[in-house]
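Structural overview
Chain by chain, the residues run as shown.
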Amino acid sequence: MGDSTNIWMETKRLLVVFPYQNEEHFRQYRLALDTILNDSNVVSVNIIVTLPKEIKKENLQQHKLIHYVSPKDFSLFKKIKDELLLTAMVQPYDILIWLESNDKKIAKLFSKLHVKRKIGVNTVLDIFSIRVVCQSENPSEILNFAKNALEKISG
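To start, this report covers the structure provided alongside it. The written sequence of each chain sets the order in which its residues are numbered from 1. Local features are withheld for residues below a pLDDT of 70 in this predicted model, meaning they are given only at 70 or higher, and side-chain atom pairs are given and counted only at 80 or more; totals for whole chains, interfaces and linings count all residues. By convention in this description, side-chain values take in all heavy atoms of the structure and omit both hydrogens and water.

The next subject is helix α2 (residues 23–38). Here a strand is any run of E in DSSP of at least two residues, a helix any run of H or I of at least four, and the numbering for each starts at the N terminus. Take the number of residues in a helix, subtract one, and multiply by 1.5 Å to get its expected span. End to end, α2 covers 23 Å across 16 residues, agreeing with the expected 22 Å (1.5 Å per residue, within 8%). Contacts are assigned to residue pairs that have any heavy atoms within 4.5 Å of one another. Contacts from the buried residues of α2 go to α1 (7–10), β1 (13–19), β2 (44–50), β3 (66–69), β4 (93–99) and α5 (139–151).

Written out as C-alpha cells, the structure reads:
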C-alpha cells in the first residue's frame, strides 16, 4: 500500500458547478456525472447549476442534490436568497469542479466556500487552484477531462 493516491481518489465530498444552456446539455452533464461518480470514492455530492435570468428554475427538474442559481436569487446587497442553496454552500468540500462558467458574480460567491481544492475547466476566472482547458464542448468529455486532471495530481 505504498502507492500514493491521487486527488480524485481522495475526494469524498464534491461540489460541481456548471451552466444551464439547454435541456439536452443539462441531461448530458447529469449522465456524465453519474458515470464518473459510479467509479469514485465520493460519498457526498452537490450540484449547482447556474441559470441565465430568462430561465425559471421552477420549470426545471427538481432533485435534492441539484441547486439552481440565477441572477434573480441575489438580494439588493448581493446575498443569496435561496436557503437550500445556502445550506449546500456552507458544507465543507474536498473538491469544487467549476465547468464552463465565466459568471463573476456567482464565482465571487463561491470564492468563500470551505473547499480544499478548486478546479476550473474552460473558464477565464482566476479563483481556482487548478485551471485547465478542454478542447471539447461535450459535457461528458469535459467532466472526464477534469477527472483525469485530478487523477494525475498526487494527494
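Let us keep going from here.
Let us look at the sheet that holds strand β6 (residues 130–132). A pair of strands counts as paired when DSSP detects no fewer than two bridges linking them. On the basis of which strands lie adjacent, the open sheet formed by six strands has the order β3-β2-β1-β4-β5-β6 and parallel pairing. The sheet terminates laterally at β3 and β6, the two strands that pair on one side only. Strand-to-strand twist across the sheet, computed as the mean angle between neighbouring axes with direction ignored, equals 15 degrees. Both β4 and strand β5 (residues 115–121) contribute to a ladder of six bridges, which runs parallel. Bridging from a neighbouring strand, Leu99 pairs with Val121 of β5. Relative to the sheet, α2 contacts β1, β2, β3 and β4, its axis offset from that of β1 by approximately 160 degrees. Every axis in this analysis is a line fitted to C-alpha atoms, fitted for helices over the stretch in contact. Angles between the N-to-C directions lie between 0 and 180 degrees.

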